Amino acid sequence: MAKYTRGTVTAFSPFDARADAEALRKAMKGMGTDEETILKILTSRNNAQRQEIASAFKTLFGRDLVDDLKSELTGKFETLMVSLMRPARIFDAHALKHAIKGAGTNEKVLTEILASRTPAEVQNIKQVYMQEYEANLEDKITGETSGHFQRLLVVLLQANRDPDGRVDEALVEKDAQVLFRAGELKWGTDEETFITILGTRSVSHLRRVFDKYMTISGFQIEETIDRETSGDLEKLLLAVVKCIRSVPAYFAETLYYSMKGTVSVGIYKRFGVCRFGTDQFICFFFPPSELPGAGTDDDTLIRVMVSRSEIDLLDIRHEFRKNFAKSLYQMIQKDTSGDYRKALLLLCGGDDE
């Protein structure tokens, strides 16, 4: 999980925080709101510059910029603008806080963040969580999750993945064989083996293990995980594998399914034979939350577009075009509307068709 510096949003120049603050105040003062000015300023400044604008806004007008945005805007557009204003250092901690807050836990957010962040980023998230919320993130997560899903989350929270270095081919062979015996060759599944190896080995080592596993078993590791596990554990293991292979490709897929309105894993194993008169058909069964065309997951769309906009959104766009035969820009254009669409397209930064 290398560091990526291919974001679509970079530092704006020439930058004048006071002028931007004055323009934003004018856009929200009096009758009506000038959404165009708001979205153009906030999508073209990087996060550090947005914090300077917020500071200048308070200095000049004695008002909180985020509070004013919440008061003047509504719906998904409001959520997007407020998310852009959230300081980068607390973005992930805030998302995790809300994923485990109140009734029900949003396992999708836990999976996305903890599978995709580097060990250094996870350590920072834990520190920020403690500073901002005076609570231990691991304790909060273990209080809201259970089973092997919880165990893998805890392993990832330790942020002790082996650093990349010279790959030991003997250990690669051993790990591939152990994974094969823990899944395909075993009656039942030894989930702990998958958790330990996938949660602790280095990225470069695991990429070699995946290749060796294919040679030994004839299966991609994802196929075995899909057959041998289920539910939240399956989704988390698959997310870890996908991020080991390519973080931008993982987020391209996440964005695609946030707009396509279906899920990316496990659906094809839920099938059976349906009969209509004397005819027989293969039927696929979807849980209600996985029905194709079920609408846009705007929370995921906003979270990924904002959190990756300064990191690797250009790489994500490239993977999106390569893997889904359409551009991220065109899919956003088709699936969203209004000022919300305008702002997302500006964050996207261009069309790859």
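Here's what I pulled together on the structure shown here. Note that the structure is predicted; figures quoted are calculated from it, not measured. (Residues numbered from 1 in each chain as written. Predicted model: local features only at pLDDT ≥ 70, side-chain atom pairs only at ≥ 80, totals over all residues. Heavy atoms only, no water.)

## Digging into the pattern of salt bridges
One pass over the structure, following the stated rule, counts 22 salt bridges. Between Asp297 and Lys108 there is a salt bridge, with its nearest N and O atoms 2.7 Å apart. Here Lys108 lies in helix H7 (residues 107–116) and Asp297 lies in the loop between strand S2 (279–284) and helix H17 (298–308), a separation of 189 residues in the sequence. By relative accessible area, Asp297 is classed as partly exposed at 22%. Glu253 is the partner of Lys242 in a salt bridge, and the nearest nitrogen-oxygen pair spans 2.6 Å. With Lys242 in helix H15 (residues 231–245) and Glu253 in helix H16 (residues 247–260), this residue pair connects regions lying eleven residues apart in the sequence. Assigned by exposure class, Lys242 and Glu253 land together as buried. Via salt bridges that share partners, Glu36, Lys40, Asp339 and Lys342 belong to a single interconnected network. (Salt bridge = Lys/Arg side-chain N within 4 Å of Asp/Glu carboxyl O. Helix = DSSP H or I, 4+ residues; strand = E, 2+ residues; numbered from the N terminus. Buried < 20%, exposed > 50% of the residue type's maximum accessible area, 1.4 Å probe, protein only.)

## Considerations on the packing of aromatic side chains
Per the counting criterion, the structure on display carries eight aromatic pairs. Plain terms: the ring middles of Phe180 and Tyr213 are 6.1 Å apart, the flat faces sit at 90° to each other, and that makes the pair edge-to-face. Of the two residues, Phe180 is situated in helix H11 (residues 169–182) and Tyr213 in helix H13 (residues 203–217); the sequence distance between them amounts to 33 residues. Judged on exposure class, the residue Phe180 and its partner Tyr213 are both buried. (Phe/Tyr/Trp six-rings, centres within 6.5 Å; stacked < 30°, edge-to-face > 60°.)

## Digging into the packing of H15 against H16
A pair of packed helices can be characterised by two numbers: the angle between their axes and the separation between those axes. Contact geometry of H15 with H16 gives a least axis separation of 5 Å together with a crossing angle of 130°. By the criterion of interaxial angle, the relationship of H15 to H16 is oblique. Contact with H15, carried on its side by Ala239, Lys242 and Cys243, involves Val247, Tyr250 and Glu253 of H16 and no other residues of that element. Looking at the contact of H15 with H16, its residues break down into four nonpolar, no polar and two charged. (Axes fitted to C-alpha atoms, helices over the stretch in contact; angles between N-to-C directions. Parallel < 35°, antiparallel > 145°, perpendicular 65-115°, else oblique. Contact = heavy atoms within 4.5 Å. Nonpolar A, V, L, I, M, F, W, Y, C, P; charged D, E, K, R; others polar.)

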